[in-house]
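# A structural walkthrough
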Amino acid sequence: MTIRTARDAVATAALYLRWLGFQDVRQPDGRPIPSAAVDLRAPGLVAQVDPTTAPAGLRAVECVWLNGLTASATSVYFSLAGYTREARTRADELGIPLFVMDLTGMPQPVNDPADGLVAAGA
């Protein structure tokens, strides 16, 4: 799925998570998609999709980790613009899979936890 809008980015991440084996991937409450990171959930999963053009930072990674911790779920982050060095380092420390999405709609793992998730699936 080619990514042209924030909605496309969210739909691409949801499709990818389903491909990995997560069931019932959805956006809670059916809220409209804002310009900031969007929450996706499935049983055992909390994901953030950041469709903005700025790299995701440390705070964003820590927030998705806290959301996953609260829900006793795996935390995953998708970004169109990549990640700051601090965000990548912290994600590695916390074991958060990070993916970057190109405009052709193919998420790519950018750290070891993401490679592990792709290898193991849901």
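Everything numeric here is computed off the predicted structure, so don't read it as measured data.

Rules of the game
Residues numbered from 1 in each chain as written. Predicted model: local features only at pLDDT ≥ 70, side-chain atom pairs only at ≥ 80, totals over all residues. Heavy atoms only, no water. Helix = DSSP H or I, 4+ residues; strand = E, 2+ residues; numbered from the N terminus. Expected span 1.5 Å × (residues − 1). Buried < 20%, exposed > 50% of the residue type's maximum accessible area, 1.4 Å probe, protein only. Arc of directions from axis to C-beta. Contact = heavy atoms within 4.5 Å. Core = buried A, V, L, I, M, F, W, Y, C linked by side-chain atoms within 4.5 Å. Phe/Tyr/Trp six-rings, centres within 6.5 Å; stacked < 30°, edge-to-face > 60°.

### Things to note about helix 2 (residues 58-70)
If you check helix 2, its first and last C-alpha atoms are 18 Å apart, about what 13 residues at 1.5 Å a residue would give, namely 18 Å. Every buried residue of helix 2 is accounted for by V61, V64 and G68. For helix 2, the angular spread of the buried residues around the axis is 65 degrees, confining them to a single face. Exposed and facing more than 90 degrees away from the buried side of helix 2 are R59, L69 and T70. Contacts from the buried residues of helix 2 go to strand 2 (45-50), strand 3 (74-79), helix 3 (85-94) and strand 4 (98-101). S72, located one to two residues past helix 2, shows a positive phi value of around 50 degrees.

### Quick word on the nonpolar core
Residues L17, F22, L40, V49 and F78 are the most contacted members of the largest nonpolar core, which totals 21 residues. At the level of secondary structure, the elements contributing two or more residues to this core comprise helix 1 (6-19), strand 1 (38-42), strand 2, strand 3, strand 4 and helix 4 (112-120). For this core, the element with the highest residue contribution is helix 1, accounting for 6 residues. In terms of nonpolar packing, the next biggest core, distinct from the first, is built from 11 residues, V61, V64, A73 and A91 among them.

### Some remarks on helix 4
The complete set of buried residues in helix 4 reads P113, A114 and L117. All buried residues of helix 4 project into a common sector of 100 degrees when viewed along the axis, lining one side. Among the exposed residues of helix 4, those oriented more than 90 degrees off its buried face are D112 and A119. Buried positions along helix 4 lie against strand 3, helix 3, strand 4 and strand 5 (107-109).

### Concerning the packing of aromatic side chains
Applying the stated criterion to the full structure yields 5 aromatic pairs. Their ring planes at 70 degrees and their centres at 5.8 Å tell us that Y77 and Y83 sit as a pair that is edge-to-face. Pairing F78 with F99 gives two aromatic rings, centres 5.1 Å apart and planes at 20 degrees, and the pair type is stacked. Linking F78 in strand 3 with F99 in strand 4, this pair joins segments that are 21 residues apart in sequence. The exposure class assigned to F78 is buried, which follows from its relative accessible area of 0%. Residue F99 is classed as buried on the basis of its relative accessible area, which comes to 0%. Through a chain of ring-to-ring contacts, three or more aromatic side chains come together here, namely Y16, W19, F78 and F99.

Distances and angles like these do not, on their own, reveal function.
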